[in-house]
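Descriptive structure summary
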Amino acid sequence: QVQLVESGGGLVQAGGSLRLSCVASGITFRLYDIGWYRQAPGKQRELVAQITKDGRTNYADFVKGRFTMSRDNPKNTVYLQMNSLNPEDTAVYCCNADGIILGTRGNYWGQGTQVTVSS
């Protein structure tokens with residue numbers, strides 16, 4: 001079975017930092033693009049950052065310069081380093097793996113980890 005498990009969330013004061021991790025199993029991790037998404041209560045889910053299978057990154061405008069995404073393929077893990085957090089970053093953060101391998105599409109979600117930023 002495919003499983004993505006996030007960790008690293010918690011309560012932090014404004015201006016602080018957190019490092020989220022997402023560990024995947026059941027897929028050939030290096031062949032998938034990975035994205036971090038977040039959803040706050042009453043709001044739509046939004047893309048935070050993504051990293052391609054070859055290591056290229058893209059960031060939403062609201063996190064550029066503050067968040068950094070990376071991947072460690074031998075550990076089947078992606079990270080989201082979050083600095084200069086503000087209360088608007090409060091949300092459930094989920095990771096997503098997406099790939100097309102020999103014509104077969106795979107798309108998988110983790111259950112999420114809660115990030116709460118106090119003012």
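Throughout what follows, the structure given in this document is the object of discussion. If you're wondering where the values come from, they're calculated on a predicted model, not measured in any experiment.

Rules behind the numbers
- Once a new chain begins, its residue numbering starts again from 1 and follows that chain's sequence as written.
- Per-residue local features are limited, in this predicted model, to residues with pLDDT of at least 70; the limit for side-chain atom pairs, both in listing and counting, is 80 or more; totals at the level of whole chains, interfaces and linings are taken over all residues.
- Hydrogens and water molecules were not included; the side-chain quantities draw on all heavy atoms of the structure.
- At least two bridges found by DSSP between two strands is the condition for calling them paired.
- Only runs of H or I of at least four residues qualify as helices and only runs of E of at least two qualify as strands under DSSP, and these elements are numbered from the N terminus.
- Whenever a helix is involved, its axis is fitted only over the stretch in contact; in every case the axis is a line through C-alpha atoms, and angles between N-to-C directions fall within 0 to 180 degrees.
- Using a 1.4 Å probe on the protein chains alone, a residue whose accessible area is under 20% of its type maximum counts as buried, one over 50% counts as exposed, and one in between counts as partly exposed.
- Pairs of N or O atoms within 3.5 Å make up the polar contacts considered here, provided that, within protein, one atom can donate a hydrogen while the other can accept it, and that residues adjacent in sequence are counted only when both atoms are side-chain atoms.
- Whether two residues are in contact is decided by their heavy atoms, any of which lying within 4.5 Å being enough.
- Salt bridges, as used here, are contacts in which a Lys or Arg side-chain nitrogen is within 4 Å of a carboxyl oxygen on Asp or Glu.

As a further point, take the sheet that holds strand 8 (residues 77–82). Strand order in this open sheet of four strands is 1-3-8-7, and the pairing throughout is antiparallel. On the outer flanks of this sheet lie strand 1 (3–7) and strand 7 (67–72), each paired with one strand and no other. Averaged over all neighbouring strand pairs, the angle between strand axes comes to 15°, with direction disregarded.

Quick look at the side chain of Arg38 now. Mapped onto the elements of the fold, Arg38 is located in strand 4 (residues 33–39). Judged by relative accessible area, which is 6%, Arg38 ranks as buried. Within the structure, Arg38 has its side chain in polar contact with the side chain of Glu46 (distance 2.8 Å). Here the side chain of Arg38 touches Asp89 through a polar contact of 2.9 Å, side chain to side chain. Beyond its immediate stretch of four places on either side in the chain, Arg38 contacts Gln44, Arg45, Glu46, Val48, Phe62, Val63, Phe67, Glu88, Asp89, Ala91, Val92 and Tyr93.

Glancing now at the pattern of salt bridges. Evaluation of the coordinates by the stated rule reveals six salt bridges. The partner of Arg38 in a salt bridge is Asp89, with the nearest N and O atoms 2.9 Å apart. Of this pair, Arg38 sits in strand 4 while Asp89 sits in the loop between strand 8 and strand 9 (91–101), and the two are 51 residues apart along the sequence. Of the two residues examined, Arg38 and Asp89, each falls in the buried class. Salt bridges sharing common partners tie together Arg38, Glu46, Arg66 and Asp89.

Only one face of strand 1 is buried, namely the one carrying Leu4 and Glu6, since none of Gln3, Val5 and Ser7 on the opposite face is buried. Direction of pairing for strand 1 relative to strand 3 (residues 18–25): antiparallel, over a ladder of five bridges. Within strand 3, the position partnered with Glu6 by the bridge is Cys22.

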